[in-house]
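Coordinate inspection notes
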Amino acid sequence: MDEIVKPRALITGGSAGIGFEIAKLLAEDGHDLIITGSSARVQDAAETLRTHEVDVIAVQSDLSTEEGVRDVVDTVRKAGRVDVVVLNAGIAIGGAFLDIALERHLQLLELNITSTVRLCHALLSKLIETRGKLLLVSSLSATTPTPFESVYGPSKAFMTSFGHGLREELKDTGITVTILHPGATATNFHGRAGMGSTRFGDYSWKNDPALVARQGVEALRAGVTSVIGGDAATQEAGAEHKILSEEEKARRHAVLARPDQKGTDNA
Ligand SMILES: NC(=O)c1ccc[n+]([C@@H]2O[C@H](COP(=O)([O-])OP(=O)(O)OC[C@H]3O[C@@H](n4cnc5c(N)ncnc54)[C@H](OP(=O)(O)O)[C@@H]3O)[C@@H](O)[C@H]2O)c1
């Protein structure tokens, strides 16, 4: 009997947060998975995802390095095919621009921007072979200046613009490009960014990662270009970003992201 070949999805940062929720949904859709994360917990996440009776390969690698990206690309090539690529791994760094060591800003750019370009360059031709789907997890922060996480928003603006350009360029290849713009979401993201003392440190008003992931995966399935991830207030904020001045958006973001008198743990 012929072996049934399942579609395979790569999810970077699939070990936690929004990426893990996306991985769950794609497993429920019957995709075998390759998930990545920078820490050993990617193995635990893979174990959990295997309960969906799909094959799951876990890759522990630092995507802010060329070697880390190569490990992921090699794994995809060995797996043979890829039908869905979700580029989701990303970080922010909270605090005043000048208080943060330059190396940390550059590491953010390596992860959020350079790894996106490297992975797309290496994997898009494989995705074209399967007429597959690409999901870029950007941010609502792509549409506003982001004072006190000053490099993060611009890195996501790159991702959004890059995705729109690729979509147009690749429209006759049979693949789709979808860009997810989550609003503030209740994962470990802001804790990792050292933003516990800001309004983003309060989890009570942030979006459920399962909701954001579902909106992203539904858009991916439908081949929609761009979607905002989050509740009604988040959708409203996305609409407002189209009409407010850059100065006003910067002022509003500073209220949310400014560390309190205790400062941050980013120095
Ligand atoms: N949460 C929000 O409020 C929010 C809002 C808008 C957009 N987003 C975007 O959504 C995406 C996912 O964020 P999240 O909230 O799910 O964050 P999260 O819970 O912190 O998860 C981040 C994921 O990325 C991985 N990762 C972090 N640094 C990495 C590195 N150097 N190399 C490889 N993998 C790395 C993590 O693996 P380890 O844990 O093993 O390091 C984890 O799997 C990000 O691109 C973020 O910019 C988040």
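Residues numbered from 1 in each chain as written. Predicted model: local features only at pLDDT ≥ 70, side-chain atom pairs only at ≥ 80, totals over all residues. Heavy atoms only, no water.

Going through the model one piece at a time under the given rule, you end up with 14 salt bridges. For R251, the salt bridge identified is with E248, shortest N-O distance 2.9 Å. Taken together, the residues R251 and E248, both in helix α9 (residues 246–257) and three residues apart, mark about one turn of the helix. Judged by its relative accessible area of 47%, R251 falls in the partly exposed class. Between E248 and R252 there is a salt bridge, with its nearest N and O atoms 2.8 Å apart. Here E248 pairs with R252, and both are found in helix α9, just four residues apart, close to one helical turn. (Salt bridge = Lys/Arg side-chain N within 4 Å of Asp/Glu carboxyl O. Helix = DSSP H or I, 4+ residues; strand = E, 2+ residues; numbered from the N terminus. Buried < 20%, exposed > 50% of the residue type's maximum accessible area, 1.4 Å probe, protein only.)

Taken as a whole and judged by the stated rule, the model has three aromatic pairs. On the basis of an interplanar angle of 20° and a centroid distance of 5.5 Å, the ring pair of F158 and F162 is categorised as stacked. On the criterion of helical spacing, the pair formed by F158 and F162 is a turn pair, its members being four residues apart in helix α5 (residues 152–169). In this arrangement the basic side chain of K206 is found over the ring face of Y203, its NZ or CZ atom lying 4.1 Å from the centre. (Phe/Tyr/Trp six-rings, centres within 6.5 Å; stacked < 30°, edge-to-face > 60°. Lys NZ or Arg CZ within 6 Å of the ring centre and 35° of its normal.)

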